[in-house]
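Each chain, written out:
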Protein chains: 4
Amino acid sequence: MLQNTKANVLKANQALPKHELVKFTWGNVSERDPETGYIVIKPSGVNYDDLTENNMVVLDLDGHIIEGTYNPSSDTKTHLEVYKAYPQVKGICHVHSTYATAFAQAGKTIEAFGTTHADYFYGTVPCARILHQSEIDVDYEQYTGKLIVQIFEDKDILATPGILLKGHGVFTFGKSADQAVHNAVVLEEVAKMNYLTLTLNPTANPIPQYLLDKHYNRKHGKNAYYGQKK
Amino acid sequence: MLQNTKANVLKANQALPKHELVKFTWGNVSERDPETGYIVIKPSGVNYDDLTENNMVVLDLDGHIIEGTYNPSSDTKTHLEVYKAYPQVKGICHVHSTYATAFAQAGKTIEAFGTTHADYFYGTVPCARILHQSEIDVDYEQYTGKLIVQIFEDKDILATPGILLKGHGVFTFGKSADQAVHNAVVLEEVAKMNYLTLTLNPTANPIPQYLLDKHYNRKHGKNAYYGQKK
Amino acid sequence: MLQNTKANVLKANQALPKHELVKFTWGNVSERDPETGYIVIKPSGVNYDDLTENNMVVLDLDGHIIEGTYNPSSDTKTHLEVYKAYPQVKGICHVHSTYATAFAQAGKTIEAFGTTHADYFYGTVPCARILHQSEIDVDYEQYTGKLIVQIFEDKDILATPGILLKGHGVFTFGKSADQAVHNAVVLEEVAKMNYLTLTLNPTANPIPQYLLDKHYNRKHGKNAYYGQKK
Amino acid sequence: MLQNTKANVLKANQALPKHELVKFTWGNVSERDPETGYIVIKPSGVNYDDLTENNMVVLDLDGHIIEGTYNPSSDTKTHLEVYKAYPQVKGICHVHSTYATAFAQAGKTIEAFGTTHADYFYGTVPCARILHQSEIDVDYEQYTGKLIVQIFEDKDILATPGILLKGHGVFTFGKSADQAVHNAVVLEEVAKMNYLTLTLNPTANPIPQYLLDKHYNRKHGKNAYYGQKK
């Protein structure tokens, strides 16, 4: 069951150390199965080298384990909240990548200082507040998900497919697990470029809206001309 | 046809990830064929691992596709403007390498703070302004090329074979595709050294003209004595 | 004798260059043997590639060599002081890893700016003062150990299993040599994140105590739910 | 002739890219042959991958080529000046390593902020001024060597075996080519640590003299106890 989706999730998780987005077991990726609507996610605390399709965990959107003998990622409820609110999201990636996490720790958003950013993120990547103690007392991971959902309520989550969580790390989104990881790589690189930009020139300005539009749309707009026709 | 030039362009594009100048498909290299005058360039959005001589795209200077079934790089018109204006340019490389792009995002030129710079770039590497909306509305990539051409009008483009584009990235030039990539590696390393220099000492000064002359000329001048006689 | 412990110490020392925590011979790891209570430690100044189980040095807690023909690490007495004072410490790692050492050289503690820190270190990682000349004159390495012991007197050393030594480097602790090295990797990564955080935002604040508690306890508390049940 | 020394110089030059001290052909190492007193040095502008024992160049101290069909490194005269003045120097390494060169470009010395430095360099690593135009007009490389010699006149060159050249790069020294390269690796790492220290805490202080003495002497003093007895 769900063999394709398990294979995708396995591969996407194994891509995290290859792209140097994680140390040890510090990241997790999930994907929504197109047929059943179930979510396949990494087991908690298992090394990427030890992952197989068989130790992936399958859950329904309410968090009931459908298949798998391992505990799912401790961040599972955060993933589920986002999948429930945004049907267009098919893959989610969570990491503590170094530069993006530094922005999260500094409590700063990632603004569009260049076209590298504009090629993937249509505007500022937001930075969510730290949860209140009362929220953490009830359910830390679920309230983290609710906060993410709320921040994207008036935005197109797949047009700006990433968010920083203050004092914590990064979530990125996509139409697949692979694309969510791809966006995490881009966000980390953009965060590094922006770190260097801001420490070189603290008053640097984001690019103008019309350049942001141009780059985003030549890749993702309806008249996109980047890449090959499929 | 153009087998040598295609092989050169393939190799030069494959060198980009080896030198860590790109993520994913974020860079492109082209070369002018010495016999036909045609330009061979990377296909748009194709992974470096999937490139072969056969999917390279051959164009004339007006952008007509002479050979190839793939779309050429979305930045092709920028390359063509430079080839049309400067016959001495035989290879062009475009990347978003991290440190050089940070200078571009900060809107800062790369000054000659040391002899590493002087060995390859005879003076300050310029930083072009962001295009006006009216220019982007007409033809973004072509006007980018026109702007580069204008900036080098009163300079020797092969003596300072690189330019930053504000809020965007880097173009470098050479007498071959290989040399253009070589210059992109140097520019990225010089950008990193200059970033560190300026954050250590914000009032650091460029080296004096006579030291710039000495280093540039011992490598490129008519009495150059660096390297082996050919 | 002590074959298991020797194998652990060998592997833990060889992990130092793999994790890029050391240049040349700049780090050492030891472990306490569970049966004999003896300490097994790296020989001084031997390259990691040349280490074998047989050139490990076995000592009692007073520093008498029980087995081995090599000189033990020059930092041995520091290890022994900590083992004597804290029976729960079973492994110790000493390195000059780049970012953590920069905090030590700057004389700054490593505060908990994020959950990456909170997942492993329950609060601020302290920075010990430089020894007085009088202490160095008597026994540099032993007094370094005494100072570490004193700083953890009113703390749980395995809950905040690391310390910076001003102007010097890092010691980390664990329930095994492997865990001590693991904590050194985490401390270096956290130091890098904090360096970036502080240079982006010099007035950044540590995370609130309740978030520190939540993350530390979901991994290490009595109701921990991170990872798989053993 | 000089087969041992050629092998040493070959190996030492090949170590430069392995230690990431150079891009392309940007560094050179030489060694003094113990029997003949001749100097063996890298040929100019040859890639490290293409080096063999046979293309090494052998010179006497006055710069006459004794053996070899290649041009010697363009920095040869700098090496020779140092060998002539300091018979105890047996190996010399010149690189533009990133962090050390940034200090050189910033015109800053490398102070002893920690014991990593003290383990190899007995005090501040100096930064030589830029040569005057008149000196460059006569002989750039020779006057560079004369300036280095002058700066070490009242110092023990092998106790602080490295120097920065303002706006240029680094020279390091040793009792062999291998040791000179070793010292270049250390100087680059110490430069990186000091860069991070100073950007974290611009008023950080060097370690006290007695700690510098302790670390330098436990490794190099007459009662040194670091490492194994030979």
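If you're wondering where the values come from, they're calculated on a predicted model, not measured in any experiment. (Residues numbered from 1 in each chain as written. Chains lettered and ligands numbered in written order. Predicted model: local features only at pLDDT ≥ 70, side-chain atom pairs only at ≥ 80, totals over all residues. Heavy atoms only, no water.)

**Student:** Please clarify how the arrangement of the chains should be interpreted in this entry.
**Tutor:** Separating chain B from chain C is a minimum C-alpha gap of 11 Å, and the two share no contact. Separated without contact, chain A and chain D have their nearest C-alpha atoms at a distance of 11 Å. (Contact = heavy atoms within 4.5 Å.)

**Student:** Help me understand the sheet that holds strand E2 (residues 39–41) of chain B in this model?
**Tutor:** Strand pairs in the sheet, formed through backbone hydrogen bonds, run parallel or antiparallel to each other. Residue and element names in this part refer to chain B. Taken in spatial order, the 8 strands make up an open sheet running E4-E3-E2-E1-E5-E8-E7-E6, and their pairing is mixed. At either end of the open sheet lies a strand with only one pairing partner, and these are strand E4 (65–67) and strand E6 (127–128). Where strand E7 (residues 162–165) and strand E8 (residues 170–174) come together, 3 bridges link them in antiparallel fashion. Across the sheet, Leu164 pairs through a bridge with Val170, a residue of E8. The strands touched by helix H1 (residues 3–18) within the sheet are strand E1 (27–32), E2, strand E3 (57–59), E4 and strand E5 (91–95), with E1 carrying the most contacts at an inclination of about 155°. Packed on one face of the sheet, helix H5 (residues 133–151) meets E6, E7 and E8 and runs near 130° to E7. (Pairing = 2+ DSSP bridges. Helix = DSSP H or I, 4+ residues; strand = E, 2+ residues; numbered from the N terminus. Axes fitted to C-alpha atoms, helices over the stretch in contact; angles between N-to-C directions.)

**Student:** Please explain the interface of chain B and chain D as it appears in this structure.
**Tutor:** One frequently used descriptor of interface size is the decrease in accessible area upon assembly of the parts. With 33 residues of chain B in contact, the opposing surface of chain D contributes 33 residues. When residues of chain B are sorted by the area they lose upon contact with chain D, B:Leu200, B:Tyr210 and B:Gln228 head the list and together hold 24% of the total. Scanning the region where chain B abuts chain D turns up 2 salt bridges. Here D:Glu141 and B:Arg218 are joined by a salt bridge, their closest N and O atoms 2.6 Å apart. Listing elements by their share of the side of chain B that touches chain D, those giving two or more residues are helix H4 (115–118), helix H6 (177–200) and helix H7 (209–220) of chain B. Examining the composition of the side of chain B that touches chain D, we find that 12 residues originate from one element, H6(B), more than from any other. (Buried area = accessible area lost by both parts, 1.4 Å probe. Salt bridge = Lys/Arg side-chain N within 4 Å of Asp/Glu carboxyl O.)

**Student:** Whenever I open this one, the side chain of A:Asp33 confuses me. Can you help?
**Tutor:** Residues and elements named next belong to chain A. Positionally, Asp33 belongs in the loop between strand E1 (27–32) and strand E2 (39–41). Buried charge without a partner: Asp33 forms no salt bridge, and the closest opposite charge is Lys6, 9.5 Å away. Looking at Asp33, its side chain comes within polar contact range of the side chain of Thr36, at 2.8 Å. Beyond its immediate sequence surroundings of up to four residues, Asp33 is in contact with Leu2, Thr5 and Tyr38. (Buried < 20%, exposed > 50% of the residue type's maximum accessible area, 1.4 Å probe, protein only. Lys, Arg positive; Asp, Glu negative; His and termini not counted. Polar contact = N/O pair within 3.5 Å; in protein donor to acceptor, adjacent residues only side chain to side chain.)

**Student:** Sorry if this is basic, but what is going on with the side chain of C:Thr160 here?
**Tutor:** All names here are of chain C. Its place among the elements puts Thr160 in the loop between helix H5 (133–151) and strand E7 (162–165). Polar side-chain contacts of Thr160 include one of 3.3 Å to the backbone oxygen of Tyr122. For Thr160, the residues in contact, after removing those within four places along its chain, are Phe121, Tyr122, Gly123, Thr124, Val125 and Phe152.

**Student:** Just checking my understanding: could you explain the UniProt feature "domain: Class II aldolase/adducin N-terminal" (unreviewed entry) in chain A for this structure?
**Tutor:** Sequence positions flagged by UniProt for "domain: Class II aldolase/adducin N-terminal" (unreviewed entry) are, in local numbering, residues 7–195 of chain A. The span residues 7–195 of chain A carries 39% helix and 16% strand; its end-to-end C-alpha distance comes to 35 Å. (UniProt positions renumbered as here; feature names shortened; annotations may be inferred.)

**Student:** Help me understand the packing of aromatic side chains, please; the structure alone is not making it clear to me.
**Tutor:** As enumerated under the stated definition, the model contains 20 aromatic pairs over all chains in all. For the ring pair C:Phe152 and C:Phe173, a centre distance of 5.8 Å and an interplane angle of 85° mean the geometry is edge-to-face. Remark: C:Phe173 occurs in strand E8 (residues 170–174) and C:Phe152 occurs in the loop between H5 and E7; sequence separation between them is 21 residues. Summarising the burial analysis for this pair, C:Phe152 and C:Phe173 share the class buried. Among the aromatic residues, those joined into a cluster by ring pairs are A:Phe24, A:Trp26 and C:Tyr120. Taking NZ or CZ as reference, D:Lys219 lies 4.4 Å from the ring centre of D:Tyr226, over its face. (Phe/Tyr/Trp six-rings, centres within 6.5 Å; stacked < 30°, edge-to-face > 60°. Lys NZ or Arg CZ within 6 Å of the ring centre and 35° of its normal.)

**Student:** Looking at this structure, I do not really get the interface of chain B and chain A. What am I missing?
**Tutor:** Contact residues are listed per partner, giving 33 residues for chain B and 33 residues for chain A. Between chain B and chain A, a total of about 3000 Å² is buried, with carbon and sulfur atoms accounting for 59% of that surface. Ranking the residues of chain B by area buried against chain A places B:Phe24, B:Trp26 and B:Gln105 at the top, with a combined share of 23%. Counting the contacts that link chain B with chain A gives 2 salt bridges. By residue number, the principal contributor to the side of chain B that touches chain A is helix H3 (residues 98–106) of chain B, which donates 7 residues.

**Student:** Even after reading the chapter, I still don't get the pattern of salt bridges, so can you show me in this structure?
**Tutor:** A side chain of one charge can pair with a side chain of the opposite charge when the charged atoms of the two come close. If you walk through the whole model with that rule in mind, you get 28 salt bridges over all chains. For the salt bridge of C:Lys84 with C:Glu81, the shortest nitrogen-to-oxygen distance reads 3.4 Å. Highlighted residues: C:Lys84 and C:Glu81, both in helix H2 (residues 76–85), separated by 3 residues, approximately one helical turn. The class for C:Glu81 is buried, based on a relative accessible area of 11%. The closest approach of N and O atoms between D:Glu81 and D:Lys146, which form a salt bridge, is 4.0 Å. Residue D:Glu81 is found in helix H2 (residues 76–85), and its partner D:Lys146 is found in helix H5 (residues 133–151); the two are separated by 65 residues along the sequence. Among the ionic contacts, a cluster of salt bridges with common partners joins A:Asp75, A:Glu141 and C:Arg218.

**Student:** Whenever I open this one, the relation of the copies chain B and chain D confuses me. Can you help?
**Tutor:** The transformation that overlays chain B on chain D combines an axial shift of 0.0 Å with a rotation of 90°, and the residual RMSD is 0.0 Å. The two molecules are tied by a four-fold rotation axis, judged by turn and shift. Among all residues of chain B, the minimum C-alpha distance to the rotation axis is found for B:Thr199, at 5.3 Å. Little of the interface of chain B is mirrored in chain D, where only 6% of its interface residues are also at the interface. (Least-squares fit on C-alpha atoms with pLDDT ≥ 70 in both.)

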